[in-house]
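Inside the fold
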Amino acid sequence: VVRALTSDRLDNPKFHGPADPQTGVAPGWRAAGMGGMRCELTAGMSLSGNESQLLHSYSWVPQGMLQPGRSVRQGETLEVELWAKVRHHPVTLQIELTPLPLRQPAYAKASVTADAAYWKPYRARLTTPCDDDAAVFRLQLMGPGYVWIDQVHLRPVGEGHVCRALIERIRSLQVPVLRFPGGCISTNYHWQHGTGPVHLRPVLADPVFKWSTAYDFGTDEYLDLCLTQGIRPHLTVNIGSGTPEEAAAWAAYCADWFRQR
């Protein structure tokens, strides 16, 4: 998926590996204090069967992970959605948006208490006081604890998984036909992964281009875009690693999707 298609402000929100061999943190993320913390990507642990990020702190000093270079705007409220599960006892997770220079006051803070030994969603809201294209998103354990994070998203409140500004740009073009999922990427694209609840969709490695293929913008989102904007769908079937039966099932799914609406 092209990053601009989604409203998410974070890179690699579902922790697709491989982990940094020095820190154990997923690509796109950085460790925030390693003096009393162990991190690893645990294979097969996530809701979609991919990796999840383990944060194991044995210190009372806040420990966690961060992403610099996040874009925020004055007065906007962003919602954080994360899925987590803990071992042994609940843990408090503090979420912050801060300026890049060290020792500056945070723009916004919130906290959630992860309290279940099974995957559970948690949400918090952050309102930013200024424009900043280099803000830091920080997620920290506020004391000793053992927690797996399946995914973390940062989106404007009220905006869905698809970027509203991009949808409006497409609308202004009055596109008659829109191909999906494009050209070469269709060689390894399996449409079933792009249906159903977004939080259950995987991120998979592309063996040809050596990048990762995310399905957060998938068949359901594409069909909804076509329906709401009067666009004729044009499916590019997978003739590289797919089968005729898979293509037929995709066409049938799309036809049924439109009939239900």
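In this report, we go over the structure that sits alongside the text. (Residues numbered from 1 in each chain as written. Predicted model: local features only at pLDDT ≥ 70, side-chain atom pairs only at ≥ 80, totals over all residues. Heavy atoms only, no water.)

1. A look at a nonpolar patch on the surface
Note the following rule: For patch detection, residues must exceed 30% relative accessible area and be free of salt bridges, and they are connected within 9 Å for like charges or within 5 Å for nonpolar side chains (Val, Leu, Ile, Met, Phe, Trp, Tyr). All accessibility values rest on the Shrake-Rupley procedure with a 1.4 Å probe; residue burial counts only the protein chains present in the view. Think of a salt bridge as a Lys or Arg side-chain nitrogen and an Asp or Glu carboxyl oxygen that are within 4 Å of each other. Strands here are runs of E lasting at least two residues and helices are runs of H or I lasting at least four, both read from the DSSP assignment and numbered beginning at the N terminus. Throughout, exposure labels follow a simple rule: accessible area from a 1.4 Å probe, protein chains only, divided by the maximum for the residue type, with under 20% read as buried, over 50% as exposed, and the rest as partly exposed.
On the surface, a nonpolar cluster with roughly 290 Å² of combined accessible area is contributed by V208, F209 and W211. In this fold, F209 is placed in the loop between β12 (203-205) and β13 (212-214). Residue classification places F209 among the partly exposed residues on the basis of a relative accessible area of 34%.

2. A closer look at the sheet that holds strand β6 (residues 91-98)
Just so we agree on the cut-off: Pairing between strands requires that DSSP locate at least two bridges from one strand to the other. Fitted lines through C-alpha atoms serve as axes, helices being fitted only where they are in contact, and the angles separating the N-to-C directions of these axes extend from 0 to 180 degrees.
With respect to topology, five strands assemble into an open sheet ordered β1-β4-β9-β6-β7, the strand pairing being antiparallel. Every other strand in the sheet has two partners, leaving β1 (30-32) and β7 (108-114) as the edge strands with one partner each. Between one strand and the next, the sheet's axes are offset by a mean angle of 25°, whatever the strand orientation.

3. What to know about the nonpolar core
Using the following cut-off: In these notes, a set of buried Ala, Val, Leu, Ile, Met, Phe, Trp, Tyr and Cys residues joined through side-chain atoms within 4.5 Å is what counts as a nonpolar core. Note on contacts: a residue pair qualifies if any of its non-hydrogen atoms lie within 4.5 Å across the two residues.
Ranked by size, the top nonpolar core spans 36 residues in total, and within it L93, F137, I149 and V152 carry the most contacts. Looking at this core, the elements with two or more residues in it are β2 (37-42), β4 (63-72), β5 (77-86), β6, β7, β8 (120-127), β9 (132-141) and β10 (145-156). Ranked by residues supplied to this core, first place goes to β5 with five residues. Apart from residues lying up to four places away in sequence, V152 is in contact with D8, L10, P13, F15, W29, V80, E81, L82, F137 and L139. Among the nonpolar cores identified, the runner-up in size contains 18 residues, and I170, F180, L223 and W250 belong to it.

4. Some points on the packing of helix α2 (residues 219-229) against helix α3 (residues 244-260)
Filter applied, for reference: Roughly parallel means an angle under 35 degrees; roughly antiparallel, over 145; roughly perpendicular, 65 to 115; everything else is oblique. Should the near helix be turned anticlockwise from the far one by less than a right angle, the crossing is left-handed, and should it be turned clockwise, the crossing is right-handed. Ten residues, namely Ala, Val, Leu, Ile, Met, Phe, Trp, Tyr, Cys and Pro, are considered nonpolar, four, namely Asp, Glu, Lys and Arg, are considered charged, and the remaining ones, Gly among them, are considered polar.
As a packed pair, α2 and α3 sit with axes 11 Å apart at the nearest point and diverge in direction by 45°. As the angle between them shows, α2 and α3 are arranged oblique. Seen from above, α2 lies across α3 with right-handed handedness. Every residue of α3 that contacts α2 at T219, D220, L223, D224 and L227 is listed here: W250, Y253, C254, W257 and F258. Among the residues forming the contact of α2 with α3, the class breakdown is seven nonpolar, one polar and two charged.

5. Examining α3
Going by this rule: To estimate the expected span of a helix, count its residues, drop one, and scale the result by 1.5 Å. When we speak of the arc, we mean the arc of directions from the helix axis to the C-beta atoms.
Between its terminal C-alpha atoms α3 stretches 24 Å, which fits the 24 Å expected from 17 residues at 1.5 Å a residue. For α3, the set of buried residues is E246, W250, C254 and W257. Each buried residue of α3 sits inside an arc of 80° when the element is viewed along its axis, so together they form one side. Summarising the geometry of α3, the exposed residues directed more than 90 degrees from the buried face are P244, E245 and R259. For α3, the secondary structure elements touched by its buried residues are β11 (177-180), α2 and β14 (232-235).

6. Description of the environment of T128
Applicable threshold: Any pair of N or O atoms that falls within 3.5 Å is considered a polar contact. Within protein, one atom must be able to donate a hydrogen and the other to accept it, and sequence-neighbouring residues count only if both atoms are side-chain atoms.
Locating T128 in the fold gives a position in the loop between β8 and β9. C-alpha separation for the pair T128 and L97, spaced 31 residues apart in sequence, amounts to 7.8 Å. Ignoring sequence-local partners within four residues, the contact set of T128 consists of V72, R73, Q74, G75, E76 and L97. Polar contacts involving the side chain of T128 include one to the main-chain carbonyl oxygen of R73, which spans 2.6 Å.

7. Focus on the pattern of salt bridges
Per the stated rule, a full pass over the model turns up 15 salt bridges. For E76, the salt bridge goes to R9, with nearest N and O atoms at 2.9 Å. With E76 in the loop between β4 and β5 and R9 in the segment before β1, this pair connects stretches of sequence that are 67 residues apart. Across this residue pair, the class does not change: E76 and R9 are buried. Through salt bridges with shared partners, one network takes in E81, R123 and R155.

8. Details of the packing of helix α1 (residues 164-173) against α2
The geometry of α1 relative to α2 is characterised by a closest axis approach of 11 Å and an angle of 45° between their N-to-C directions. Considered as vectors, α1 and α2 are oriented oblique to each other. With respect to the hand of their crossing, α1 and α2 are arranged in right-handed fashion. From α1, I167, I170 and R171 reach across to α2, where they touch L225, T228 and Q229. Partitioned by chemical class, the residues of the contact of α1 with α2 number three nonpolar, two polar and one charged.

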